[in-house]
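Report on the structure
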Amino acid sequence: MKQKGEWGDPLTFVLQSDTGDELMANSAEKVYELIKETVEKQGVNLWDVRFLKEGASWYLRVFIDKTDGISIDDCTNVSHAIDPIIDAADPIDVSYYLEVCSPGIERELTRPRHFAESVGKKVRLKLYKARDGVKEFTGILKSAADTVVIETDGAEYEFQLKDISKANLCDF
């Protein structure tokens, strides 16, 4: 895996192999920009878009969220609203399944706004390389400006974005 991206990039983390993952991330970002306004008109927030291959099938996953939670009706309404937009723009040149879903309780933090909205919440960070023999840190997100700062066991730890391989909320 290689890492790509800087803090200001729309896709903060792109895990890349030699199998075209960067192309998948670019396709997801194109779809994100295409549907953002339409999704928000449905009364929900667009959390993220991912284009993934699982087995022999391709999936375009659209993650939506709102304060009081996502219902099946929300997913259905968003799917019906965005499907014609994606079909008309045709940003993906392979057949895929469109899925609209919630990011879940342990949602992955992939964009700068995800970190900003999660300040004060419990998060789990996984690092590419161990710091003092530790690769995973869980604590309260204290800040997310130029760096990510978490507090755990009374100590604060500061991380550069480039050092974080994955970040999730820990809302359990």
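Going by the structure above, here's the rest.
What this report covers is the structure whose coordinates are included nearby. A quick note: this is a predicted structure, and the numbers were derived from the prediction, not measured. (Residues numbered from 1 in each chain as written. Predicted model: local features only at pLDDT ≥ 70, side-chain atom pairs only at ≥ 80, totals over all residues. Heavy atoms only, no water.)

1. Some words on the pattern of salt bridges
Taken as a whole, this structure holds 14 salt bridges when the rule is applied. Note that Glu-40 and Lys-36 form a salt bridge whose closest N and O atoms lie 2.8 Å from each other. With Glu-40 and Lys-36 both in helix 1 (residues 21–41) and four residues apart, the pair spans about one turn of that helix. The partly exposed category is assigned to Glu-40, whose relative accessible area is 38%. The exposure class of Lys-36 is partly exposed, given its relative accessible area of 29%. The residue Asp-163 makes a salt bridge to Lys-162 at a minimum N-O spacing of 3.5 Å. Taking relative accessible area as the criterion, Asp-163 reaches 27% and is therefore assigned partly exposed. Looking at Lys-162, the relative accessible area reads 55%, which means it is exposed. (Salt bridge = Lys/Arg side-chain N within 4 Å of Asp/Glu carboxyl O. Helix = DSSP H or I, 4+ residues; strand = E, 2+ residues; numbered from the N terminus. Buried < 20%, exposed > 50% of the residue type's maximum accessible area, 1.4 Å probe, protein only.)

2. Considering the nonpolar core
Counting 19 residues, the largest nonpolar core has Ile-35, Val-39, Val-49, Val-62, Ile-64 and Ile-82 as the members making the most contacts within it. For this core, the elements supplying multiple residues, two or more each, are helix 1, strand 3 (45–54), strand 4 (57–65) and helix 2 (72–89). Per-element tally for this core: the top contributor is helix 1, with six residues. Phe-63, Leu-109, Val-148 and Ile-150 belong to the second largest nonpolar core, which has 16 residues in total. (Core = buried A, V, L, I, M, F, W, Y, C linked by side-chain atoms within 4.5 Å.)

3. Things to note about the sheet that holds strand 7 (residues 134–144)
Read across the open sheet, the five strands follow the order 9-8-7-6-10; overall the sheet is antiparallel. A single partner strand is all that each edge strand has here, and the edge strands are strand 9 (155–159) and strand 10 (164–169). Between one strand and the next, the sheet's axes are offset by a mean angle of 40 degrees, whatever the strand orientation. (Pairing = 2+ DSSP bridges. Axes fitted to C-alpha atoms, helices over the stretch in contact; angles between N-to-C directions.)

4. Observations regarding unusual backbone geometry
Located in the positive-phi region is Asp-90, a residue other than glycine, with phi close to 50 degrees. In this fold, Asp-90 is placed in the loop between helix 2 and strand 5 (97–101).

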